[in-house]
Amino acid sequence: MKKIFEKIVEGILACSGFVTSLTIVLIVVFLFSEALGLFSSKVIEEGYVLALNKENRVGELTPAQIKNVFDEELTNWNEVGGEDLPIRLFRLEDITLYYTEEQLGASYENAGACITELVERTPGIIAFVPQQFIVRPDSVHLLKDNTISVKDVFAGAEWFPTATPAAQFGFLPLITGTLWVSLFAILFALPFGLSVAIYMSEVANSRVRNLLKPIIELLSGIPSVVYGFFGLIVIVPFLQQVFNLPVGESGLAGSIVLAIMALPTIITVTEDAMRNCPRAMREASLALGASQWQTIYKVVIPYSISGITSGVVLGIGRAVGETMAVLMVTGNAAVIPHTILEPLRTIPATIAAELGEAPAGGPHYEALFLLGVVLFFISLLINFTVEAVSPRRK
């Protein structure tokens, strides 16, 4: 009977492990399947075209060039490889500037013919209109509509997914913002976390340790939005005053908040790892004439390096994947930061802020899933790096 019970328990454990592994695999597959559809989407908004005069020989424009043209940052066709001709923008709402209501018809039934005629007789025009309004496609030059490329996404310097006529899906500001905040968060958290762990493990008496340990562990249970409120009310005004910033919401504020959030994890895991160092090793070091601090540096830390590394990895994971607190204190500006004192935006904050507004199945929706894939690979790279470094340190 006992063997049968053990077999049942063994089977339940095996099934649980299999189901858990399968669930993780399915989540990753779903993430990739939703994300990769972005590269089959067109640059120009679906159902619309960019129509040029027949004499205009510009064959295609990048998404960034299209945006710059319609933002009037590019004003001449020779700036994009065309002739020396001023660019004239036309959007559908501009039609009343060129034609009267009588010419367009009571129900705008003549709008297509009017727009096509306007493109035919205006040399420098670029018209962003629904495709159905180009009634004579052979008489105009339609700009080539390419699919969104990997280069436009991963090397793009602008994130503007709602821009028309060409949305901007540049990941560079979001990736740099995430790495920037996470790097400084770990630089702040690691020295403090390691110092507190050494104090609790090697220096503090049992009374102080028993008092501090529950308090530190309690900090890890505080919701991230509470840390966000603390950062918004305390840290942001403080940084704004100290550094004389126009706004206090910055990458530095996000780094400090993330460092505070990562500290409990780093301290708890590191302290447990150091306390697992055998007492005999400490006593042997002291018996050989080493001081307490020499023993900590030469014996305890090298022995516990695997656990310390695990604590750092868990802290980095908390920093990289944090959403709400970062969203509240970093300024949420999707620009490439040049200093830690500038506003920025991270990948998790972008996904949290925009996923509810992105139309399901559209390019914006797929781009957010692709950001999730990027975040997945960042975490995977961190774990692999630690796995490669730890054996060498041993």
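Only a predicted model underlies this, so the values are computations on that prediction, with no experimental measurement involved. (Residues numbered from 1 in each chain as written. Predicted model: local features only at pLDDT ≥ 70, side-chain atom pairs only at ≥ 80, totals over all residues. Heavy atoms only, no water.)

S.K.: What's the story with the domain arrangement of the protein chain in this structure? I'm lost.
M.R.: One widely used convention gives an interface's size as the accessible area the parts lose upon coming together. Domains assigned within the protein chain are domain 1 (46–146) and domain 2 (169–387). Summarising the inter-unit geometry, the C-alpha centres of domain 1 and domain 2 are found 51 Å apart. (Domains from an automatic or database assignment.)

S.K.: Help me understand a nonpolar patch on the surface in this model?
M.R.: A cluster of nonpolar side chains, namely Phe18, Val19, Leu22 and Leu26, defines an oily patch on the protein surface of about 400 Å² accessible area. If you trace the backbone, valine 19 turns up in helix H1 (residues 2–35). (Patch = residues over 30% accessible without salt bridge, like charges linked within 9 Å, V, L, I, M, F, W, Y side chains within 5 Å. Areas by Shrake-Rupley, 256 points an atom, 1.4 Å probe, with all protein chains shown as cover. Salt bridge = Lys/Arg side-chain N within 4 Å of Asp/Glu carboxyl O. Helix = DSSP H or I, 4+ residues; strand = E, 2+ residues; numbered from the N terminus.)

S.K.: Is there a simple way to explain the packing of helix H6 (residues 172–203) against helix H7 (residues 206–219) in this structure?
M.R.: Axis angle and axis distance: for two packed helices, these are the angle between their axes and the distance between the axes, and together they describe the pair. It is at 9 Å that the axes of H6 and H7 come closest, and there the two elements cross at 140°. Considering the relative orientation of H6 and H7, their crossing is left-handed. In this structure, H6 uses Val196, Tyr199, Met200 and Ser201 to contact H7, whose residues at the interface are Val208, Arg209, Leu212, Lys213 and Ile216. Residues of the contact of H6 with H7, tallied by class, amount to six nonpolar, one polar and two charged. (Axes fitted to C-alpha atoms, helices over the stretch in contact; angles between N-to-C directions. Left-handed = near helix turned anticlockwise from the far one by under 90°. Contact = heavy atoms within 4.5 Å. Nonpolar A, V, L, I, M, F, W, Y, C, P; charged D, E, K, R; others polar.)

S.K.: Before we go on, may I ask you to explain helix H8 (residues 224–242) in this structure?
M.R.: Side chains three or four residues apart in an α-helix point the same way, a direct result of the helix having 3.6 residues per turn. Along its 19 residues, H8 runs 25 Å from first to last C-alpha, staying within 8% of the 27 Å computed at 1.5 Å per residue. Along H8, the helix axis deviates most sharply at glycine 231, where the bend reaches about 40°. What H8 keeps buried is the set Tyr227, Gly228, Gly231, Ile235, Val236 and Leu239. Among the structural elements, H7, helix H9 (251–275) and helix H13 (324–329) are those in contact with the buried residues of H8. Positive backbone phi, approximately 55°, marks asparagine 244, located one or two places after H8. (Expected span 1.5 Å × (residues − 1). Bend = angle between axes of the 7 residues up to and from the residue. Buried < 20%, exposed > 50% of the residue type's maximum accessible area, 1.4 Å probe, protein only.)

S.K.: Got a minute to help me understand the sheet that holds strand S2 (residues 88–91) in this structure?
M.R.: By way of backbone hydrogen bonds, the strands of a sheet pair with one another, either parallel or antiparallel. Strand order in this open sheet of four strands is S2-S3-S1-S4, and the pairing throughout is mixed. A strand with exactly one partner marks an edge of an open sheet, and here the two such strands are S2 and strand S4 (141–142). Bridge count for strand S1 (residues 48–52) against strand S3 (residues 125–130) is five bridges, and the pairing is antiparallel. Across the sheet, valine 49 pairs through a bridge with valine 129, a residue of S3. (Pairing = 2+ DSSP bridges.)

S.K.: Hey, could you run me through the packing of aromatic side chains in this one?
M.R.: Describing an aromatic ring pair means giving the distance of the ring centres and the angle of the ring planes. Summed over all chains, the structure comprises 13 aromatic pairs. With centroids separated by 6.0 Å and ring planes inclined at 70°, the aromatic side chains of tryptophan 159 and phenylalanine 169 adopt a geometry described as edge-to-face. Of this pair, tryptophan 159 sits in strand S5 (residues 159–160) while phenylalanine 169 sits in strand S6 (residues 168–169); the two residues are ten residues apart in sequence, bridging distant segments of the chain. Considered together, tryptophan 159 and phenylalanine 169 belong to a single accessibility category, that of buried residues. When the centroid spacing of 6.0 Å and the interplanar angle of 50° are considered together, the rings of tryptophan 159 and phenylalanine 171 count as tilted. Of this pair, tryptophan 159 sits in strand S5 while phenylalanine 171 sits in the loop between S6 and H6, and the two are twelve residues apart along the sequence. By the burial criterion, tryptophan 159 is buried, and phenylalanine 171 matches it. Among the aromatic side chains, those forming a connected cluster through ring pairs are Phe154, Trp159, Phe169 and Phe171. (Phe/Tyr/Trp six-rings, centres within 6.5 Å; stacked < 30°, edge-to-face > 60°.)

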